[in-house]
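One letter stands for each residue in the lines below.
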Amino acid sequence: MQIIHSDVLIIGGGLAGLRAGLAARKRGQEVIILSLVPPKRSHSAAAQGGMQASLANSTRGSGDNEDVHFEDTVRGSDWGNDQIVARMFAHTAPKAVRELAAWGVPWNRVQAGDHTAIIDGQPVTISESTTAHGLITARDFGGTKKWRTCYVSDGTGHAMLYAVSDQSIAAGIPVHERMEAVSLIHDGSRCHGAIVRNLMTGELVAYVARATCIATGGFGRIYQSTTNAVINEGIGAAIALETGIVPLANMEAVQFHPTAIFPAGILVTEGCRGDGGLLRDVDGHRFMPDYEPEKKELASRDVVSRRMEAHIQSGKGVRNRFGEHLWLDITLLGEQHINGKLREVKEICQHFLGIDPSRQWIPVRPAQHYSMGGIRTTPDGAVYGLQGLFSCGEAACWDLHGFNRLGGNSVAETVVSGMIVGEAIADFCASPAGELTVSTALIRDCGRQAAEEFSAIARCSGPENASQLLRDMQQTMSQQVGIVRHGDALQSAVDTLKSLILRSRQIGLRCSRPGANPELLLAWRVRKMLKLALCVADGALQRTESRGAHFRSDHPQRNDADWLKRTLAYWPDAEQTRPTLRYEALDVLRMELPPGWRGYGARDAIDHPDTSRRQAEVDALRQQLASADRNTRQAALLAFRHHLPAHLRGDNARLGEAP
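The sections below set out a description of the structure shown in this document.

Parameters and conventions
- Residues numbered from 1 in each chain as written.
- Predicted model: local features only at pLDDT ≥ 70, side-chain atom pairs only at ≥ 80, totals over all residues.
- Heavy atoms only, no water.
- Helix = DSSP H or I, 4+ residues; strand = E, 2+ residues; numbered from the N terminus.
- Rg over C-alpha atoms; globule rule 2.2 N^0.38 Å.
- Buried < 20%, exposed > 50% of the residue type's maximum accessible area, 1.4 Å probe, protein only.
- Areas by Shrake-Rupley, 256 points an atom, 1.4 Å probe, with all protein chains shown as cover.
- Lys, Arg positive; Asp, Glu negative; His and termini not counted.
- Charge placed at Lys NZ, Arg CZ, Asp CG, Glu CD.
- 1 Å grid on protein atoms, 1.4 Å probe; cavity = no way out; pocket = protein on both sides within 12 Å on 5 of 7 lines; lining within 4 Å.
- Points joined across faces, edges and corners; volume = space filled by probe spheres on them.
- Pairing = 2+ DSSP bridges.
- Phe/Tyr/Trp six-rings, centres within 6.5 Å; stacked < 30°, edge-to-face > 60°.
- Lys NZ or Arg CZ within 6 Å of the ring centre and 35° of its normal.
- Salt bridge = Lys/Arg side-chain N within 4 Å of Asp/Glu carboxyl O.
- Contact = heavy atoms within 4.5 Å.
- Nonpolar A, V, L, I, M, F, W, Y, C, P; charged D, E, K, R; others polar.
- Core = buried A, V, L, I, M, F, W, Y, C linked by side-chain atoms within 4.5 Å.
- Axes fitted to C-alpha atoms, helices over the stretch in contact; angles between N-to-C directions.

Moving on: the overall build of the protein chain. On a plain count of helices and strands, the protein chain comes out with 18 helices and 25 strands. Since a compact globule built from 659 residues should have a radius of gyration of about 26 Å, the 24 Å found for the protein chain is in line with a globular shape. Along the longest, intermediate and shortest principal axes, the C-alpha atoms of the protein chain span 70 × 60 × 50 Å. Residues classed as buried in the protein chain amount to 61% of the 659 residues present. Within the structure as shown, the protein chain displays about 23,800 Å² of accessible surface, and the carbon and sulfur contribution to it stands at 49%. Taking the 72 positively charged and 72 negatively charged side chains of the protein chain as two groups, their mean positions are separated by 2 Å.

Right, here's the structure in full:
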């Protein structure tokens, strides 16, 4: 077996992986990036609407800062996230967006003077100051108090990915394309790299590294209707789970985007609603104000998705031969606005629906979009259980998002977490713990196990069909582990998925040749996807509360007293048919923002016993430091800057703020 050595191995060539690789490379580490596809074809390119960063340049963003962004993120998470990580993120995001501007990302800019915007369905004149002219502007997004989503029309991810990819090329980082990590090389306590399969030849190669980082994105393809790319099957998370040591966290926290075009499931950016688009039902009625009179279409994504599904169930959906949907109306924005700032949306509608969105309403229905859960890490991206293993981006549960992600925070997380985790990787490699002492026998054994796994699948002549198992899994997840969940349906889903795992061990192939064999790969991947699906379904079954995107109709209250904790899913035995679940409590007494009301629906939650005590402490500290500046007050409530690399700790500059 060929063995390739490097200081750092990055598994995943999207924004998070590329940015982490850049950070490590700039510190003098040799980096290799593995990617299923050419990096500029990664799913990061599909991000449309924008990236949140509290620049406060535009009129509607005036007064924004890290404190407001932090609070929006915590409330959006339904108090399920790590508030230290949320602070690190909100503090670093402005630095990241400015760095990207220096790398050539053509952010939309403030134009001085009067401009007309559609707000709450009505034209409103916004006056931009000459002082801000030419600075990076922002649009509105759901769940935010300020306009802070920086954007490049509706091709933000595309522009960001190309800029970061070009930087990695300039830095001389090799990207090995059409390569898939199939297992991790580890001895039970230390990760030494990965066994990797060449997708064109079928050859197995050992990549040995002092530090390994998994940045393979989400696992949306376990669902039938998803906005995720076909490569988003969650294999990076699955091979971490299969070590038996590394936990996946909060896997039941799955976000459904409100506006996927129906029936194709292709994303239509939240920027449509942020720019003034409206949701309408079969009668043409704008229904969101009936449910959420304050935020309306710009309530948090989990809330909008549930309201849409409830409205369809009430008989107000539009029926066609594919099922039921609702309408997204952006005609009121005008052709000029759509052609300039929503041109990708227009092209999607023209190519996949045959309509012109400047004249016709867009059929939409919620679809699986994002995975808040993933490989559990510390704030510096180090993975629980295996030294030398890191993770960032959607593959990780860095726990910025808790149980619901705000729009614009994901593409921001890719570059921010990449910056922070890449520095931590470089620190690890420079430390005594980063010294590489690995047995060639261990590498050989890991390679042999991977080869035997593929050989066993190829030899099996069982009666099961991998494609059918995949369809059964996707249908089960969409129908029983979707937007609204119930204990009976979840139990049925767990039972079905357990039977599918047993059946997956009897998959027979029509073609067992080595090399580029899609049938062999699907049979191998579906086994891993089923484990991820069971982590989602079983975690949802056990969590008898509603929090963020996890909504139980039989347990509609958020229950902080019993469930203010992360789910940790392990798979210690390859033969078991459901995950081993453990829990990690969130410490209310360390929270800067104690649990409260999100601002949607009724004030209905079961309080944690420490909440009132912590709120009293926070109030007393704020009163004691009332005359201090906001950074001093914040540091007294929750210290976080020591978790950041030294060069990222400084304050962010804004118009009108004293240095």
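What follows continues from the structure just given.
Our next topic: the layout of surface pockets. There is about 760 Å³ of room inside the second largest pocket. Every residue lining the second largest pocket is counted, 23 residues in all, and those nearest its centre are Glu242, Glu453, Lys528, Lys531 and Ala574. Where the lining of the second largest pocket is concerned, the elements lending two or more residues are strand S8 (179–186), helix H12 (440–459), helix H14 (487–504) and helix H15 (518–542). For the lining of the second largest pocket, the element with the highest residue contribution is H12, accounting for 5 residues.

Okay, the pairing of strand S1 (residues 2–11) next. Counted residue by residue, S1 has 7 buried out of 10 residues, so it is predominantly covered. In this sheet, strand S10 (residues 204–214) lies alongside S1 in parallel orientation, the contact comprising 9 bridges. Within the sheet, the bridge partner assigned to Gln2 lies in S10 and is Val205. One ladder, built from 4 bridges, connects S1 with strand S2 (residues 31–35); its direction is parallel. In the strand pairing of S2, Ile10 is matched with Ile33.

Attention shifts here to the packing of aromatic side chains. One pass over the full model with this rule turns up 6 aromatic pairs. Here the aromatic rings of Phe390 and Phe428 are separated by 5.8 Å at their centres, their planes lie at 70 degrees, and the arrangement is edge-to-face. Residue Phe390 is located in strand S18 (residues 389–391), and its partner Phe428 is located in helix H11 (residues 409–430); the two are separated by 38 residues in the primary sequence. The two residues Phe390 and Phe428 agree in class, both being buried. Taking NZ or CZ as reference, Lys565 lies 4.9 Å from the ring centre of Trp563, over its face. Directly above the aromatic system of Tyr583 lies the positively charged group of Lys565, at a separation of 5.1 Å from the ring centroid.

This part covers the pattern of salt bridges. One pass over the full model with this rule turns up 59 salt bridges. With a shortest N-O distance of 2.9 Å, Arg286 and Asp120 are connected by a salt bridge. Linking Arg286 in the loop between strand S13 (278–280) and helix H7 (288–291) with Asp120 in the loop between strand S4 (113–119) and strand S5 (122–128), this pair joins segments that are 166 residues apart in sequence. Relative accessible area serves as the criterion here: at 17%, Arg286 is assigned to the buried category. Looking at Asp120, the relative accessible area reads 41%, which means it is partly exposed. Note that Asp538 is salt-bridged to Arg578, the shortest N-O span being 2.6 Å. Residue Asp538 is found in helix H15, and its partner Arg578 is found in the loop between strand S23 (565–570) and strand S24 (580–585); the two are separated by 40 residues along the sequence. Arg578 gets classed as partly exposed once you look at its relative accessible area, which sits at 27%.

Moving on to the environment of Ile261. Inspection of the secondary structure puts Ile261 in strand S12 (residues 254–261). Residues Ile261 and His555, 294 residues apart in the sequence, show an inter-C-alpha distance of 30 Å. Setting aside anything within four residues of it in sequence, one finds Ile261 in contact with Ile266, Val268, Ile348, Phe352, Leu353, Ile362, Pro363 and Val364.

As a further point, take the pairing of S4. Put simply, side chains in a regular strand alternate between the two faces of the sheet. As defined by bridge partners, S4 adjoins S5 across 7 bridges and the pair is classed as antiparallel. Residue pairing in the sheet places Ala117 in a bridge with Val124 of S5.

For the structure on display, the rule yields 3 cavities of 30 Å³ or more. Considering the residues around the largest cavity, the lining is formed by 49 residues, among which His43, Ser44, Gly217, Asn232 and Glu394 are closest to the centre. Put simply, the parts of the chain that give the lining of the largest cavity at least two residues each are helix H1 (15–26), S2, S8, helix H5 (235–241), strand S16 (362–371) and H11. Counting residues per element, the lining of the largest cavity draws most heavily on H11, at 4 residues. Residue classes in the lining of the largest cavity are distributed as 17 nonpolar, 25 polar and 7 charged.

Another aspect to go through is the nonpolar core. The biggest cluster of nonpolar side chains holds 80 residues, and the ones touching the most others in it are Tyr207, Ile222, Met473, Met477, Val481, Leu497 and Val536. Take this core: its biggest share by element is 16 residues, from H15. Leaving out residues up to four positions away in the same chain, Met477 has contacts with Ile222, Tyr223, Gly482, Leu497, Ala533 and Val536. With 66 residues, the next largest nonpolar core counts Ala16, Phe70, Ala93 and Ile136 among its residues.

With that settled, the discussion passes to the sheet that holds strand S11 (residues 248–249). The sheet built from 5 strands is open, its strands ordered S19-S17-S11-S23-S24 with mixed pairing. Of all strands in the sheet, those bounded by a partner on one side alone are strand S19 (396–397) and S24. Relative to S24, S23 runs antiparallel, the two sharing 6 bridges. Bridging from a neighbouring strand, Thr567 pairs with Tyr583 of S24. In this fold H15 packs onto S11, S23 and S24, with an angle of close to 60 degrees to the strand it touches most, S24.

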